[in-house]
Amino acid sequence: MTHITEIPAVRFIALAVLLIAFCTSSRADDWPQWMGPDRDGTYGEDGLVDSIPEGGLPIRWRVSIHGGYAGPAVHGGRVFVADYRRTAGEFVETPSDKPKLEGFERLLCLNAANGETMWQHEYPCSYEISYPAGPRATPTVVDGLVVMLGAQGDLTVLSETDGSVRWHINLPKQFGAAVPIWGFAAHPLVTSDTIYTMVGGNGQAVVALDRASGKVKWKAMSSPDAGYCPPTIIRAGGVEQLIVWDPKTVAGLNPDTGEVHWEVEHEPDYGMSIAQPQRDGDHLFVSGIENKSIMLKLGSDKPTVSELWASTPKTSISVSTMTPLLHDGIIYGTDENLGALIAARQSDGERLWQTYLPVSPGNERRLSAGTAFVTRHEPSGRYWLFGEAGDLTLAKMNENEFESLGQMHVLDPTQTAFGRKVIWSHPAYANRTAYVRNDQEIVAVDLRAK
């Protein structure tokens, strides 16, 4: 016989209220690194607006900062953003010029609620790179540490709470590595005990460092320079695999030893390995400019790959500065040639639809390398898109259509590329807020449902 304990009415009501509160309480997420908690462009908070009204969403705060492409990170009520305070030299933005600048790279820690500065860390840094606005890599926050990679290869590990430096190395000096023409930009991958970073050079395309000390654990592969693509870890073929894409090769490695499980020669134009390879099921999509996109199939029982298809001028998506998202058999990304947001089928790369709206508010083409950063809101299935013109769009997307749910202008583009002003910085989404930056300010947009 089952024994049932009776609960007094008062206790029963109180318990019911607690259960209802627990089940309906809003979930809050952090955004501790580039493209979110799992580096997959997925945003998990609930309690958000389901459309953007004509007058736009409220702005919670605006704070002045200096230049940079690095998107913000958000963790524990703090916003971390890197910038460059130029003190000397002529600022030039062209693909081939590498102006010599003097200044300070800086990491700012702001109060996420009001934007007030909690602490900052800066160090002198001479720039000699193309497009020298500032740092490229989003800070990574984990276990009370902040990991920052500067444009000239300064890798610094700091305390999250007060900004005190735990250790610092300069990658070119430490490894004799070349600085890529557009600077070090591959966001380091940080785990419980290791920092994986792209370095470049003979036998050191990717390097694993001890997180506590900065000592080298292993080095692997060879490449002319670091490229711009961040490493990531997936589980496929029955093992963990570190996925890297340097300017010559995309490969899967053993994260513990650096042993190469597989590699595929895949060389984008101008060494522009930028977009992180994206995985959906047994598909791994690698995308670069000038139709340098391939779809790989991951082995199911051992760490191998095979090529399913390669792009043509009229198929797939060739991205430039953004990383595409894969979901339910569809690829979503902005094509470098068309400058439009495109949906393409994973199975064969066939294009299904295109729109310029997230990239250009007038739904007009902004020429090549049009960019919009795509984030999937997992509870609702909607998408947040931040376009290079400084506009935030909420949309529904599937294989059949793109449906706008509203758009607002957040801040003005301040960087110059291809003869137009752009913002090429990925936003952070946390605390029911979008944190967006340009070269002059960082803005917090309120996404909360009223």
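Read on for an overview of the structure. All figures in this text were calculated on a predicted structure; none of them were measured in a lab.

## So, the packing of aromatic side chains
For any two aromatic rings, the description comes down to two numbers: the centre-to-centre distance and the angle of the planes.
Here's step 1: For the structure shown, the criterion picks out 13 aromatic pairs.
Here's step 2: Consider the rings of Tyr-43 and Tyr-429, whose centres lie 5.4 Å apart with planes at 35 degrees: the pair is tilted. Separated by 386 residues along the polypeptide, Tyr-43 in strand β1 (residues 42-43) and Tyr-429 in strand β34 (residues 428-430) bring together distant segments of the chain.
Here's step 3: Tyr-43 sits in the buried class, given a relative accessible area of 1%.
Here's step 4: Measuring from ring centre to ring centre gives 6.0 Å for Tyr-196 and Trp-218, while their planes differ by 45 degrees; the resulting arrangement is tilted. Here Trp-218 lies in strand β15 (residues 216-220) and Tyr-196 lies in strand β13 (residues 194-198), a separation of 22 residues in the sequence.
Here's step 5: Judged by its relative accessible area of 7%, Trp-218 is buried.
Here's step 6: Put simply, the rings of Trp-31, Tyr-43, Trp-384 and Tyr-429 pair up and form one aromatic cluster.

## A word on the sheet that holds strand β24 (residues 325-327)
Here's step 1: Taken together, the four strands give an open sheet; going across it, the order is β24-β25-β26-β27, and neighbouring strands pair in antiparallel fashion. Each edge of the sheet is formed by a strand with only one pairing partner; in this case those strands are β24 and β27 (351-355). In this sheet, neighbouring strand axes are inclined to one another by 20 degrees on average, regardless of whether the strands run parallel or antiparallel.
Here's step 2: As paired elements, β24 and strand β25 (residues 330-334) share three bridges and run antiparallel to each other. If you follow Leu-325 over to β25, its bridge partner there is Tyr-332.

## Here we look at unusual backbone geometry
Here's step 1: In this structure, Glu-290 takes a positive phi of about 55 degrees despite not being glycine.
Here's step 2: The exposure class of Glu-290 is partly exposed, given its relative accessible area of 35%.
Here's step 3: The residue Ser-316 is not glycine, and still its phi comes out positive at about 60 degrees.
Here's step 4: Tracing the sequence through the fold places Ser-316 in the loop between β23 (305-310) and β24.
Here's step 5: Look at Ser-316 and you get buried, because its relative accessible area is 0%.

## Details of the pattern of salt bridges
Here's step 1: Under the definition given, this model contains 17 salt bridges.
Here's step 2: Between Lys-248 and Glu-267 there is a salt bridge, with its nearest N and O atoms 3.1 Å apart. Taken as a pair, Lys-248 in the loop between β17 (239-245) and β18 (249-253) and Glu-267 in the loop between β19 (260-265) and β20 (278-280) lie far apart in primary sequence, 19 residues in all.
Here's step 3: With a relative accessible area of 34%, Lys-248 lands in the partly exposed category.
Here's step 4: Each of Arg-345, Asp-348 and Glu-350 takes part in salt bridges that share partners, so that together they form one network.

## Concerning the side chain of Arg-136
Here's step 1: Tracing the chain through its elements places Arg-136 in the loop between β7 (127-128) and β8 (140-142).
Here's step 2: Glu-105 provides the closest opposite charge to the buried, salt-bridge-free Arg-136, at an N-O distance of 7.2 Å.
Here's step 3: In this structure the side chain of Arg-136 is engaged in a polar contact, spanning 2.7 Å, whose partner is the backbone oxygen of Gly-134.
Here's step 4: One polar contact links the side chain of Arg-136 to the main-chain carbonyl oxygen of Trp-182, over a distance of 2.6 Å.
Here's step 5: In this view, Arg-136 contacts Tyr-69, Ala-70, Ile-129, Ser-130, Tyr-131, Ala-151, Trp-182, Gly-183, Phe-184, Ala-185 and His-187; residues no more than four positions away in its chain are not counted.

## Looking at the pairing of β25
Here's step 1: Of all five residues in β25, five are buried, a share of seventy percent or more.
Here's step 2: Judged by which residues are buried, β25 turns out to be covered on both faces: Ile-330, Tyr-332 and Thr-334 on one side and Ile-331 and Gly-333 on the other are all buried.
Here's step 3: If you look at the hairpin formed by β24 and β25, you'll find two residues sitting between the two strands, and Asp-328 has a positive phi there, around 50 degrees.
Here's step 4: The pairing of β25 with strand β26 (residues 341-345) spans five bridges and is classified as antiparallel.

Reading the values: rules and limits
- Residues numbered from 1 in each chain as written.
- Predicted model: local features only at pLDDT ≥ 70, side-chain atom pairs only at ≥ 80, totals over all residues.
- Heavy atoms only, no water.
- Phe/Tyr/Trp six-rings, centres within 6.5 Å; stacked < 30°, edge-to-face > 60°.
- Helix = DSSP H or I, 4+ residues; strand = E, 2+ residues; numbered from the N terminus.
- Buried < 20%, exposed > 50% of the residue type's maximum accessible area, 1.4 Å probe, protein only.
- Pairing = 2+ DSSP bridges.
- Axes fitted to C-alpha atoms, helices over the stretch in contact; angles between N-to-C directions.
- Salt bridge = Lys/Arg side-chain N within 4 Å of Asp/Glu carboxyl O.
- Lys, Arg positive; Asp, Glu negative; His and termini not counted.
- Polar contact = N/O pair within 3.5 Å; in protein donor to acceptor, adjacent residues only side chain to side chain.
- Contact = heavy atoms within 4.5 Å.

By themselves, these figures tell us nothing about what the structure is for.
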